[in-house]
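# Reading the structure
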Amino acid sequence: MSTFSWCGYNWHSKMEGGRIIHPDFPWCWYSSDTIMATESKTLELSIRRNEKEIQHWDHNIYRSTFEVATMRSIDSFSFGTFSAEIQLPSGKGLWPSFWLVGDGNWPPEIDIMEAWSGCGNYLKLFIAQPPYVQVSWRTTTNVHYNDESMKHKSIGTRNIRWIKQTKNPEFNFIKYECEWLPNRITIKANGKKVREAKGDICKMLTENLINPSKECKMNVIFNVWCEDPDINEITMSHPMKIRDFKYIPNK
């Protein structure tokens, strides 16, 4: 299913311009065959070893190792609230995420949830961020944008603390949510606020969009990729599961 409908919106398994590889992560290639719909309307996103030669639009040929699941909305969205219930995949070296990106350009990007399974565990006991000793998940948030000089900036990757997300995201569905407004970005996990950006950051993010004076548009992406298999062991014992995607426009 190269294009498909789900939760009332249209999706495909390619990125902007139809590309199926990112040259910074050439070991992954994107395929609809790693996306499966269940009877409960839950989507299952997986990865599998399937080597393939890919010619990118830079004319270079990349030898990819893993076929991975990427779904990007064909529909585009303006300011509002985005949410989905997600159960993270089990395995090693996995990289699942739920994010927003400019409709046709990058940045801007809002990482509602970006996770890392590492050696097979999303839980991290000691995180180097205030207050420095805390139990957190390797489920992270971030916002990317270009500043006035068109230099890439971000508010920085931050792990979601256990106290804000007490259930294990590998074995439970967690509702991840983002309210994107002209002057504020708020990210939540199971209804609890875990991150917020305000003011000039939101203004610059909006200005990064194509034609923001007419209409601000972003695409939604769900994916599960993997780390470099030449450096990390890659395994998967159950897929990433997604259900109940919702978009509520800002009034």
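Residues numbered from 1 in each chain as written. Predicted model: local features only at pLDDT ≥ 70, side-chain atom pairs only at ≥ 80, totals over all residues. Heavy atoms only, no water.

### Examining the sheet that holds strand β17 (residues 184–189)
- One open sheet accounts for seven strands, arranged β4-β5-β21-β8-β16-β17-β18; its pairing is antiparallel. The open sheet has two free edges, formed respectively by β4 (35–37) and β18 (192–198), since each of these has just one partner strand. Between one strand axis and the next, the sheet turns through 20° on average, direction left out of account.
- With three bridges joining them, strand β5 (residues 43–45) and strand β21 (residues 240–249) adopt antiparallel strand pairing. What sits directly across from L43, in β21, is I242.
- Relative to β18, helix α1 (residues 200–207) is tilted by about 75°, and along the sheet it contacts β16 (174–181), β17 and β18. (Pairing = 2+ DSSP bridges. Helix = DSSP H or I, 4+ residues; strand = E, 2+ residues; numbered from the N terminus. Axes fitted to C-alpha atoms, helices over the stretch in contact; angles between N-to-C directions. Contact = heavy atoms within 4.5 Å.)

### Some thoughts on the pattern of salt bridges
- Inspection of the entire model under this criterion finds 14 salt bridges.
- Note that K198 is salt-bridged to E196, the shortest N-O span being 3.5 Å.
- Bridged by salt links that share partners, the residues E179, R184, K193, E196 and K198 form one connected network. (Salt bridge = Lys/Arg side-chain N within 4 Å of Asp/Glu carboxyl O.)

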